[in-house]
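For reference, the chains in residue letters:
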Amino acid sequence: MDRRAWVLLLIVTSPFCAPFAKGLAEKSSIRDEPRTPTDRGIGYAASLDKTEYRVGDPIRLSLSFENPTDAEVTLWHSGFWPNHQVVLRDDSGREAPLTEAGRQKRAAFAPEGARDKNAPRRLAPSEEYREAAGIDLPELYQLDRGTYKLVVIYHDMQRPTPLRVATRSIEFKVR
């Protein structure tokens, strides 16, 4: 098939392919809610010490897992960033701009990536585990005055317990 035939084929088929391409783009975006059964019923919660901050204040994040199931679950310590993603959206739903440090941390996210120094943390049935993340949101995001919603995603595909779970959205204000 010559070049003109290919171009004509693309022009004719483009309207039919657009809805599928849009669906693929949506599937690859950051999602705030777990979408697969790999969440295994595990609870994952994020909390902040206040609901209102001033521009420039530290905004420290606390995280905890809870295993309400009757089976042991393995969480993996790979450093924080290879299997955690912090997502902060403004009141219009757009992700707040990342700082340079935030871009570097985001680039480290690799749920199916190689793990040279993984350490398992087994979570027994009915056990709760507080994660010492040491995260200060202004180090990751450029924050102006406004209302923000925060979600943290834990996603690791390592065995024996591949897991993807997201916290509920937390709303806070910067004045």
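Residues numbered from 1 in each chain as written. Predicted model: local features only at pLDDT ≥ 70, side-chain atom pairs only at ≥ 80, totals over all residues. Heavy atoms only, no water.

Side note on unusual backbone geometry
Then, in step 1: Cis geometry marks the peptide bond from arginine 159 to proline 160; its omega dihedral reads 15°.
Then, in step 2: Mapped onto the elements of the fold, proline 160 is located in the loop between β8 (146-156) and β9 (163-166).
Then, in step 3: The backbone of serine 126 sits at a positive phi, close to 70°, despite the residue not being glycine.
Then, in step 4: Mapped onto the secondary structure, serine 126 falls in the loop between β6 (119-123) and β7 (128-136). (Helix = DSSP H or I, 4+ residues; strand = E, 2+ residues; numbered from the N terminus.)

Digging into the sheet that holds β7
Then, in step 1: The 3 strands lie next to each other as β1-β3-β7, forming an open sheet whose pairing is antiparallel. Two strands in the sheet have a free side with no partner beyond their single neighbour: β1 (43-48) and β7. Strand-to-strand, the axes of this sheet are offset by a mean angle of 20°, without reference to chain direction.
Then, in step 2: As paired strands, β1 and strand β3 (residues 60-66) are joined by 6 bridges and run antiparallel to one another. The residue of β3 that forms the bridge with alanine 45 is serine 64. (Pairing = 2+ DSSP bridges. Axes fitted to C-alpha atoms, helices over the stretch in contact; angles between N-to-C directions.)

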